[in-house]
Amino acid sequence: MASHNNKLELHGEGHIPDGGILVIANRLSFEDLLYLERELSGRKLVYLIERGLDYDPLMQAHLDKADVAAMEFSSGDASRDLFKKELHQCLADGSVVIFIPGVTHTRAGQNVAVPSSILQFLTSVGAPILPLFVDHPEETSLSVEDRVTVERIVLSFGDPLQREAANLANFTENLLIAAEKAYSSRPLLKSNLAYEILKGLKKHGKSAEIIDGLDGKSLRYDKLLAAAIVLSKVIRKETEKRRVGIILPPGKGGLISNVAVLLADKVPVNLNFTAGDKAIASCIEQADIDKFITADPFVRKMSSFNWPPNKQLILLDRLLPSLKSKIILWLAFSKMFSAAMLASLLKVPKKGGTDEAVLLFTSGSSGDPKGVVLSHSNLLANVNQFGSRIDLKSTDKILGCLPLFHSLGCTVTMWYPMIEGINVVTYPSPLDVPKLAELIEKYSVSLLLATPTFLRGYLRRAKKEQLASVKLAITGAEKLPKKLAESFEERFGIPVLEGYGLTETSPVTNVNMPDVGGDDPSCGLPVIPNRRLGSVGQFIPGVAVRLTDPETHEPLPVHSSGMIWLRGANIFQGYLNLPDKTAEVMQNGWFMTGDIGRVDEDGFLYIEGRLSRFSKIGGEMVPHETVEDHINKVQGLADDERRIAIVGVPDEAKGEALILLSSDPDIDLKELRSKLLEDGVAALWIPKKIVDVEAIPILASGKLDIKGCEDLAKGV
């Protein structure tokens, strides 16, 4: 349980054993150490220092005091046995040995500030270890958070690791669990998404805006707030239901509608207008919606969409002009009153916590869409977590072209910029690359979010100078091919930063970031890596990980390959009205992602495939994506578009057989087989049959449509 001491917050202090223990923290400043010493008062303390490390002057002065017991070591030293003996002697005396990390170069929101080589050394000497996660919430806080609540030092102790359990993999796992406990007690997580958005739009009302790339018009955040307030009053009158449908692409209308629904104390449901009629009808029925916000031009444009009856539609372009005088009035009110006063006037609750805030539906890439219930704390956590890692400034601009029904488009290009006061340039489609490249250049966009499918479009159709302002190009939703990443960086001089997340995780859990501090050789400080090609990055603050055997669910060390389970404040509440489906993926607050992967010694996560994209053939797990990589390589298929997909179908002899879907008429099965065998691919991994298709099915998000592929493979 957390305990408070003015500025100090403690978690897991009951884990501190009575006997000797080696305490290893993710970071430790002089001030942190003073609080830790106070917590351990009455115990014999010994400081463990690596020779040759740099310390800040206050820490150095403290370590140089005559009454301080210190022990030195060198992780690259031949005197390891001597050190080990000395350390074990200290621990046998009941001492608490505290490792003091040196100064390193890190980025905002980085979990660990100690080089992995040192951690590897310290966790391999056979000493009992107490992981300690030190957190300074102020460093990763949002601009709307109350200074008083974030100016704290948090010490969160993990489970002690004894004997053979004391290794780097277990240390990493337990440290992240301690970090998750600390993060999940942040006061922000009890708040209400609508209230934090109201605070953000008010605070940044004059300095930030949304620029609609479709008509080139901009809307300042104070005006967006006034329009949303007036619309929220209409929504309260128009519907009795808890949830309100929104059928709009990214743009002024989409953002105003989402804020208005939240301010009306209702739940926005952004519907996937690119899905089939059956899927949409299922979403509407599951969510129990009777009113939908859209706009006349969009209704006309999407004429093939099965629109609900007119009386159920709230058409923004007809409604808002008639409310102009009310909007002007509320613009004046919103300037006069404080955010707290406005919230009271509008009956916007200040507390939200685990209540449902937003409902999103899964893409249905492997079955019917499921309603993912995201709470206020889920979304506020993810805005804070992702925001702290990318660390944008108020002068930065985000390109908002991902659909609002896509969780990345929802959290990162809608809630995050409105709360943090970042400008957004919107455009209704991620596919119109020439127009998007033009907007990036015209408005100096600094953050580009795209799936690998959309990145290929930039490679083919954008000029280098058009992307000159982009500081971060982040990709997710599907595996980033190495060749595509290299081609993009070569062409535009921008590294592609792969991230990871799921709708159920609000969505971001991992992201690669550019490395820092390494450009200045004179600094001489160790640089903690932030980026590793092939990985999906390190975990964002407050996310813990566990791995299990995909078949037996037995725990595995995080450095080996297994089923990924995640825990954190951003993990969803469960599927809407589907308790059995929720129980399949949730256990004691841990969420089973369905992805297979491993974590390396620097905390980078590698995704090795989705369980639904593995086939069990003759008792062996065969990853579809790896087979696709081999086929692309031997066939010399470029990365500019997806030409093939592997699907598993039932097979009497071997359990499952691999089918290759191909839109490339030049692939011959016999020839392919000999090429793959020559390349060292196991015979089990070679497709049994080729099914020629016009195009590989892809969802609007850019992801592979697994269900569509399976239907083609089975000849449905």
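Provided above is the structure to which this section pertains.
Along each chain, the written sequence defines residue order, and numbers are assigned to residues from 1. Only residues with pLDDT of at least 70 are given local features in this predicted model, and only at 80 or more are side-chain atom pairs given and counted; all residues enter the totals for whole chains, interfaces and linings. With hydrogens and water set aside, each side-chain value is computed from the structure's full complement of heavy atoms.

Quick look at the environment of Ala25
You can see Ala25 is positioned in strand S3 (residues 21-25). Residues Ala25 and Leu175 lie 150 residues apart in sequence; the distance between their C-alpha atoms is 8.3 Å. The contact definition used throughout considers only heavy atoms, calling two residues in contact when any of these lie within 4.5 Å. Residues contacting Ala25, with those up to four places away along its chain left out, are Pro101, Val114, Leu132 and Val134. Note on conventions: DSSP H or I runs of at least 4 residues are helices, E runs of at least 2 residues are strands, and numbering of each starts at the N terminus.

So, the nonpolar core
What we call a nonpolar core is a set of buried Ala, Val, Leu, Ile, Met, Phe, Trp, Tyr and Cys residues that are connected through their side-chain atoms within 4.5 Å. Partly exposed residues are those whose accessible area sits between 20% and 50% of the maximum for their type, while under 20% is buried and over 50% is exposed, using a 1.4 Å probe and protein chains only. With 138 residues, the main nonpolar core has Leu193, Leu224, Trp415, Tyr458, Leu467, Ile474 and Phe488 as its most contacted residues. The contact partners of Ile474, leaving out residues within four places of it in the chain, are Phe386, Ile390, Leu447, Leu448, Leu449, Ala450, Leu497, Val511 and Met513.

Thoughts on the packing of aromatic side chains
Any pair of Phe, Tyr and Trp rings, taking the six-membered ring for Trp, is counted once the centres come within 6.5 Å. Such a pair is stacked with planes under 30 degrees apart, edge-to-face with planes over 60 apart, and tilted for the rest. Summed over all chains, the structure comprises 14 aromatic pairs. Measuring from ring centre to ring centre gives 6.4 Å for Phe386 and Tyr416, while their planes differ by 90 degrees; the resulting arrangement is edge-to-face. In this pair, Phe386 is assigned in helix H15 (residues 376-390) and Tyr416 in helix H16 (residues 407-420), connecting sequence segments 30 residues apart. Here the two residues Phe386 and Tyr416 agree in accessibility, since each one is buried. Centre to centre, the rings of Phe572 and Phe591 are 5.5 Å apart; their planes meet at 70 degrees, and the pair counts as edge-to-face. Placement of Phe572 in the loop between strand S26 (562-568) and strand S27 (574-575) and of Phe591 in strand S29 (residues 590-599) is noted, with a sequence separation of 19 residues between them. The same class applies to Phe572 and to Phe591, which are both buried. Ring pairs connect the aromatic residues Phe273, Phe298, Phe305, Trp307 and Phe405, which therefore count as one cluster. Between the NZ or CZ atom of Lys370 and the centre of the ring of Tyr575, over which it lies, the distance is 5.2 Å. Look at NZ for Lys and CZ for Arg. If either is within 6 Å of the ring centre and within 35 degrees of the ring normal, a charge sits over the ring.

Points about the side chain of His376
Take His376: it is sitting in helix H15. Residue class for His376 comes out buried when judged on its relative accessible area of 7%. Apart from residues no more than four positions distant in its own chain, His376 is found in contact with Ser191, Asn192, Leu193, Gly352, Gly353, Asp355, Glu356 and Ala357.

With respect to a positive patch on the surface
Grouping into patches uses exposed residues only, defined as over 30% relative accessible area, and leaves out salt-bridged ones; the cut-off is 9 Å for like charges and 5 Å for nonpolar side chains (Val, Leu, Ile, Met, Phe, Trp, Tyr). Methods summary: accessible areas were calculated by the Shrake-Rupley approach with a probe of 1.4 Å, and residue burial reflects only the protein chains presented. By definition, a salt bridge exists where a carboxyl oxygen of Asp or Glu is found within 4 Å of a side-chain nitrogen of Lys or Arg. Here the positive residues are Lys and Arg and the negative ones are Asp and Glu; neither His nor the chain ends is included. One atom stands in for each charge, and that atom is NZ of Lys, CZ of Arg, CG of Asp or CD of Glu. A surface patch of like charges, here positive, comprises Lys233, Arg236, Lys237, Lys326 and Lys347. No other element matches the three residues that helix H8 (residues 221-238) contributes to the positive patch. Looking at the element boundaries, Lys237 is found in helix H8.

Re the sheet that holds strand S34 (residues 655-662)
When DSSP finds at least two bridges between two strands, those strands are taken to pair. One open sheet holds the three strands; their spatial order is S33-S34-S35, and the pairing between them is mixed. Whereas interior strands pair on both sides, the edge strands pair on one side only; in this sheet they are strand S33 (644-651) and strand S35 (689-692). On average, each strand axis in the sheet is inclined to that of its neighbour by 35 degrees, with strand direction left out of account. By the bridge criterion, four bridges tie S34 to S35 in an arrangement that is parallel. Bridge pairing in S35 places Leu661 opposite Val691. Whenever a helix is involved, its axis is fitted only over the stretch in contact; in every case the axis is a line through C-alpha atoms, and angles between N-to-C directions fall within 0 to 180 degrees. Packed onto the sheet, helix H23 (residues 706-713) meets S33, S34 and S35 and runs at close to 60 degrees relative to S33.

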